[in-house]
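The lines below spell out each chain.
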Amino acid sequence: MPLLNKTTSAASRATPPALVRLRVALTVFFALDGFIFAGWVVRIPAIKEQTGASASDLGLALLGVSAGAVITMTLTGRLCRRFGSHPVTVACGVLMPLSIALPPLTHSALSLGLVLLVFGAAYGGINVAMNSAAVDLVAAMRRPIMPSFHAAFSLGGMVGAGLGGLIAGSLSPTRHLLGLTVIGLIVTAVAGRALLRLDPPAPPSDAHREDSAPRRLDSRTRGLVIVFGLIALCTAFGEGALADWGALHLEQDLNAHPGLAAAGYSCFALAMTIGRLSGTTLLERLGQTPILVAGGTLAAAGMLLGALAPSVWLALLGFAITGLGLANIFPVAVERAGALAGPSGVATASTLGYGGMLLGPPAIGFMADWFTLPTALTSVAVLAGLAALIGYTTRR
């Protein structure tokens, strides 16, 4: 069966209560991840002003997130194999909210980059760990539920960005991000306790299909994992770019009010949430190749509108279209890599994917200095189109 063929449904089968509880606990961690990350990105303009950084200086500082995440992603795959994905998820769930309180305490681009290195390490670690746990659950439930977890991430991002937009004018970044620390630690204490009590699910006893069990790490398997990682990279680049530069584009280039500018990421996150909530149904009915090709094409068109629109409202529409297009591409790519090679596949695809998400903002910063920010944002459309092309050419 082709790797990108339709995914069968087992909806008619009763789901064991333990798997339901595990799904809920993992969903909470995905939502927390998006909530904290969005809370940080909507305060980037204020942190930029506080540190006096130029666009390129801010891009270099944001590289700290990228470096920390990429380094720990590779390590986290090994930690998950040794200690299990559940304990590693909880440990990173403690570190991430603690580290988010550090950026407002900095007053230079250099110090900002150093504390973002810590935040990036926690962010990268929790994403590999919880995606590895989710891949095991997908295999056990035998349904393409991976988009639902990433829908929780997007929903958390939408809430975090919306809350940040509401309080941006009345609450300092220090108090805002410290509040996120408190919320994150409380949520981790509750959801982490539940997650640690649940063992990772065993693969289904009748998982005899070639695409249901991880393959041996031969050269062909590694190549396929890298292909899925490249698809994830092309689309995650756009998510990172919009998260870190979307608000600045609306405020700087289209003269939007700071609160309305912060709503740009909320529109993007809401559209991704809607797309991902319907992802399981779409994958069961259409298959993975149409999702990859149509999604990448739609995202490319939406980002061209978002970057080049002459008004705020058209740009917001473009952001929403981009979110719908990108919604299910990343979850599909990571799930397939995990099905092929287990935690190692998740780590490899996540390193490439989240590497694109985290390397995108610095790249946009440099291109904005060389050209303009709207021109730099069109690179998101180019990579989304490339993801669609890769998805189509690797359909078999």
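Quick caveat, the model's predicted, so the values are computed rather than measured.

## Focus on the overall build of the chain
Then, in step 1: Looking only at helices and strands, the chain has 14 helices and zero strands in total.
Then, in step 2: Counted from the first residue to the last, the chain has its helices and strands arranged as α-α-α-α-α-α-α-α-α-α-α-α-α-α.
Then, in step 3: For the chain, the C-alpha radius of gyration of 20 Å lies close to 21 Å, the compact-globule estimate for 396 residues.
Then, in step 4: Principal-axis analysis of the C-alpha atoms places the extent of the chain at approximately 60 × 40 × 35 Å.
Then, in step 5: As presented, the chain carries roughly 15400 Å² of accessible surface, and 67% of it is formed by carbon and sulfur atoms.
Then, in step 6: Here the chain carries 24 positive and 16 negative side-chain charges, and the mean point of each set is 10 Å from the other.

## A closer look at the confidence of the model for the chain
Then, in step 1: Residues with a pLDDT of 70 or more make up 92% of the chain, whose mean pLDDT is 85.
Then, in step 2: Taking the mean pLDDT of every element in the chain, the minimum, 82, falls on helix α13 (residues 329–370) and the maximum, 95, on helix α4 (residues 85–99).
Then, in step 3: Low pLDDT, under 50, characterises residues 7–12; the stretch is placed with 14 contacts to residues that sit more than four places away or in other chains.
Then, in step 4: Below a pLDDT of 50 lies the segment residues 206–215, which in the model reaches 21 contacts outside its immediate sequence neighbourhood of four places, other chains included.

## Re the nonpolar core
Then, in step 1: Core analysis: the largest hydrophobic core is formed by 118 residues, its most contacted members being W40, V41, F119 and L250.
Then, in step 2: Tallying contributions element by element places helix α5 (residues 109–141) first for this core, with 17 residues.
Then, in step 3: Excluding anything up to four places from it in sequence, L250 contacts N255, A256, L260, A261, G264, V312, A315, L316 and F319.

## As for the pattern of salt bridges
Then, in step 1: This structure, assessed with the given rule, holds one salt bridge.
Then, in step 2: A salt bridge links E284 to R143; the nearest nitrogen and oxygen atoms lie 3.2 Å apart. One end of the pair, E284, is in helix α10 (residues 279–286); the other, R143, is in the loop between α5 and α6 (146–167), and 141 residues separate them in sequence.
Then, in step 3: Its relative accessible area of 22% is what places R143 among the partly exposed residues.

## Digging into the packing of helix α8 (residues 219–253) against helix α14 (residues 373–393)
Then, in step 1: Running from N to C, α8 and α14 cross one another at 160°; their axes reach a closest spacing of 9 Å. The orientation of α8 with respect to α14, classified from their angle, is roughly antiparallel. As for how α8 packs across α14, the hand of that crossing is left-handed.
Then, in step 2: Class assignment for the residues of the contact of α8 with α14 results in 17 nonpolar, six polar and one charged.

## Observations concerning the packing of helix α3 (residues 55–83) against α4
If you want to describe how two helices pack, look at the angle between their axes and the distance between the axes.
Then, in step 1: Their axes nearest at 7 Å, the elements α3 and α4 cross at an angle of 125°. Viewed along their axes, α3 and α4 adopt a mutual orientation that is oblique. Residue-level inspection shows T76, L79, C80 and F83 of α3 in contact with α4, the latter providing S85, P87 and V88.

## Let's talk about the layout of surface pockets
Then, in step 1: There is about 190 Å³ of room inside the second largest pocket.
Then, in step 2: V42, R43, P45, A46, E49, A168, A247, E251, P258, A261 and A262 together form the lining of the second largest pocket.
Then, in step 3: Contributing elements (two or more residues each) for the lining of the second largest pocket: α2 (44–51), α8 and α9 (258–277).
Then, in step 4: Residues of the lining of the second largest pocket, tallied by class, amount to eight nonpolar, no polar and three charged.

## Here's the deal with empty space enclosed by the protein
Then, in step 1: Tallied over the entire structure, the rule returns four cavities of 30 Å³ or more.
Then, in step 2: Empty space within the largest cavity amounts to approximately 70 Å³.
Then, in step 3: With three residues, the top contributor of residues to the lining of the largest cavity is α13.
Then, in step 4: Each residue belonging to the lining of the largest cavity can be placed in one class, and the counts come to six nonpolar, one polar and two charged.

## Quick notes on the packing of aromatic side chains
Geometry of an aromatic ring pair is reported as the spacing of the ring centres plus the angle between the planes.
Then, in step 1: Inspection of every chain in the model, using the stated rule, returns four aromatic pairs.
Then, in step 2: With a centroid separation of 4.8 Å and 25° between ring planes, the pair formed by F37 and Y123 is classed as stacked. Of this pair, F37 sits in helix α1 (residues 17–41) while Y123 sits in helix α5, and the two are 86 residues apart along the sequence. Y123 carries the same exposure label as F37, and that label is buried.

## A short note on the environment of R43
Then, in step 1: In this fold, R43 is placed in the loop between α1 and α2.
Then, in step 2: Along the backbone, R43 and C267 are 224 residues apart, and their C-alpha atoms lie at a distance of 17 Å.
Then, in step 3: Other than its neighbours up to four places away in sequence, R43 contacts I167, A168, L171, S172, P173, H176 and L177.
Then, in step 4: Looking at R43, its side chain comes within polar contact range of the main-chain oxygen of L171, at 3.0 Å.

## Some thoughts on unusual backbone geometry
Outside of glycine, negative phi angles account for most residues, and trans bonds account for most peptide bonds.
Then, in step 1: One non-glycine residue, R142, adopts positive backbone phi at about 55°.
Then, in step 2: Along the polypeptide, R142 turns up in the loop between α5 and α6.
Then, in step 3: Taking relative accessible area as the criterion, R142 reaches 30% and is therefore assigned partly exposed.
Then, in step 4: Although it is not a glycine, N255 adopts a positive phi angle of roughly 60°.
Then, in step 5: In this structure, N255 sits in the loop between α8 and α9.

About the criteria used
Residues numbered from 1 in each chain as written. Predicted model: local features only at pLDDT ≥ 70, side-chain atom pairs only at ≥ 80, totals over all residues. Heavy atoms only, no water. Helix = DSSP H or I, 4+ residues; strand = E, 2+ residues; numbered from the N terminus. Rg over C-alpha atoms; globule rule 2.2 N^0.38 Å. Areas by Shrake-Rupley, 256 points an atom, 1.4 Å probe, with all protein chains shown as cover. Lys, Arg positive; Asp, Glu negative; His and termini not counted. Charge placed at Lys NZ, Arg CZ, Asp CG, Glu CD. pLDDT = per-residue confidence, 0-100. Contact = heavy atoms within 4.5 Å. Core = buried A, V, L, I, M, F, W, Y, C linked by side-chain atoms within 4.5 Å. Buried < 20%, exposed > 50% of the residue type's maximum accessible area, 1.4 Å probe, protein only. Salt bridge = Lys/Arg side-chain N within 4 Å of Asp/Glu carboxyl O. Axes fitted to C-alpha atoms, helices over the stretch in contact; angles between N-to-C directions. Parallel < 35°, antiparallel > 145°, perpendicular 65-115°, else oblique. Left-handed = near helix turned anticlockwise from the far one by under 90°. Nonpolar A, V, L, I, M, F, W, Y, C, P; charged D, E, K, R; others polar. 1 Å grid on protein atoms, 1.4 Å probe; cavity = no way out; pocket = protein on both sides within 12 Å on 5 of 7 lines; lining within 4 Å. Points joined across faces, edges and corners; volume = space filled by probe spheres on them. Phe/Tyr/Trp six-rings, centres within 6.5 Å; stacked < 30°, edge-to-face > 60°. Polar contact = N/O pair within 3.5 Å; in protein donor to acceptor, adjacent residues only side chain to side chain.

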